[in-house]
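Structural overview for review
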Amino acid sequence: VIMVAGRSGSQKSGFALFWVDEMNLDTLYFSADMSAFTASSRIASKRTGLNMEEVEAALDHGNGPREHVFEALADSRITFSFGSPIAWWAVDEEMDAYVELHNKFPEVIVFDNLMDFDGAESDYTAQMGVMQSVTELARDTGSTVLIMHHASDKSWDARTDPWSPPSRQEVKGGLSEKPELSISVALDPNTLNFNVAVIKQRMGPQDPTTKRWKTLRCEPELTRFHRIGLVSH
């Protein structure tokens, strides 16, 4: 189980989409934050280099541009499930349908996000129950599970140093301690630097205080992330 935690507007969903598309593994993505059009447009933007407005225009104008977008999405291995809130009965149905279609479990399951589960909007006990169920799901299926979660927007660090990854204690409910790996992220909107810190890692280095992090360059309009010094083509 992997948690990606960040404050509002930190590109958690964009990073998760980019990550699983780069993995190129069979993925079941539960999205309560994005519409079907937004999710597919973000993947199309990443793959074509067109921003979302250009993707929308391509879909509206002629077979040539439209086919270009469709071809870019054709070999995507991400299956989306849209619905808010996320309910466990719906998760069970989607999993059954996925196994019926593919005769195997997905290699990656994404939940976007923890607070969009039914009953878990603000209830710590419900959120803890979700994390326990997510852990059981990962063990039963052998899938890697990514779950997005929020960090506080009201802490002192959030007000004075908003572009640094939130520390482990700022993750709401302390739930970043439960997964095998918890990553804290933040986006500086001025430089588009995307800062990533490992705040929990069961079998490796970690820094709960987020005094150390790595920086990527983010292109939010294209849902792309790069090592510093690299540019998109």
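Residues numbered from 1 in each chain as written. Predicted model: local features only at pLDDT ≥ 70, side-chain atom pairs only at ≥ 80, totals over all residues. Heavy atoms only, no water.

Reading across from one edge, S3-S2-S4-S5-S1-S6-S7-S8-S9 is the order of the nine strands in this open sheet, with mixed pairing throughout. Looking along the sheet, the strands with just one partner apiece sit at the ends: strand S3 (78-82) and strand S9 (224-227). Here the average twist between neighbouring strands, direction ignored, is 25°. Two strands pair when backbone bridges link them, and strand S2 (residues 27-31) and strand S4 (residues 108-112) are joined in this way by five bridges, in the parallel orientation. Bridge pairing links serine 31 to aspartate 112 in S4. Packed on one face of the sheet, helix H2 (residues 36-48) meets S3 and S9 and runs near 155° to S3. Strands S2, S3 and S4 of the sheet are contacted by helix H5 (residues 88-102), whose axis makes an angle of about 155° with S2. (Pairing = 2+ DSSP bridges. Helix = DSSP H or I, 4+ residues; strand = E, 2+ residues; numbered from the N terminus. Axes fitted to C-alpha atoms, helices over the stretch in contact; angles between N-to-C directions. Contact = heavy atoms within 4.5 Å.)

A large share of S2 lies buried, amounting to five of its five residues. Residues of S2 alternate between two faces, with Thr27, Tyr29 and Ser31 on one and Leu28 and Phe30 on the opposite face, all of them buried. As judged from the five bridges shared by S2 and S3, these two strands associate in the parallel manner. By the bridge assignment for S3, phenylalanine 30 is matched with serine 81. (Buried < 20%, exposed > 50% of the residue type's maximum accessible area, 1.4 Å probe, protein only.)

Glancing now at the nonpolar core. Buried together is how nonpolar side chains tend to be arranged in soluble globular proteins. The biggest cluster of nonpolar side chains holds 26 residues, and the ones touching the most others in it are Phe111 and Ile147. Every element with two or more residues in this core is listed here: strand S1 (2-6), S2, H5, S4, helix H6 (124-141) and strand S5 (144-150). In terms of residue count, the dominant contributor to this core is H6 (six residues). Those residues in contact with phenylalanine 111 that sit more than four places away from it in its chain are Phe30, Trp88, Val91, Phe117, Val134, Leu137, Val145, Leu146, Ile147 and Met148. Formed by 24 residues, the second largest nonpolar core is a distinct cluster that contains Val4, Val20, Leu181 and Leu187. (Core = buried A, V, L, I, M, F, W, Y, C linked by side-chain atoms within 4.5 Å.)

On to helix H1 (residues 12-23), then. When the terminal C-alpha atoms of H1 are compared, their 16 Å separation across 12 residues agrees well with the 16 Å that a helix rising 1.5 Å per residue should span. The buried fraction of H1 is high, at nine of 12 residues. Among the residues of H1, those classed as buried are Lys12, Ser13, Gly14, Phe15, Ala16, Leu17, Phe18, Val20 and Asp21. Positive phi shows up at asparagine 24, right after H1, with a value of about 60°. (Expected span 1.5 Å × (residues − 1).)

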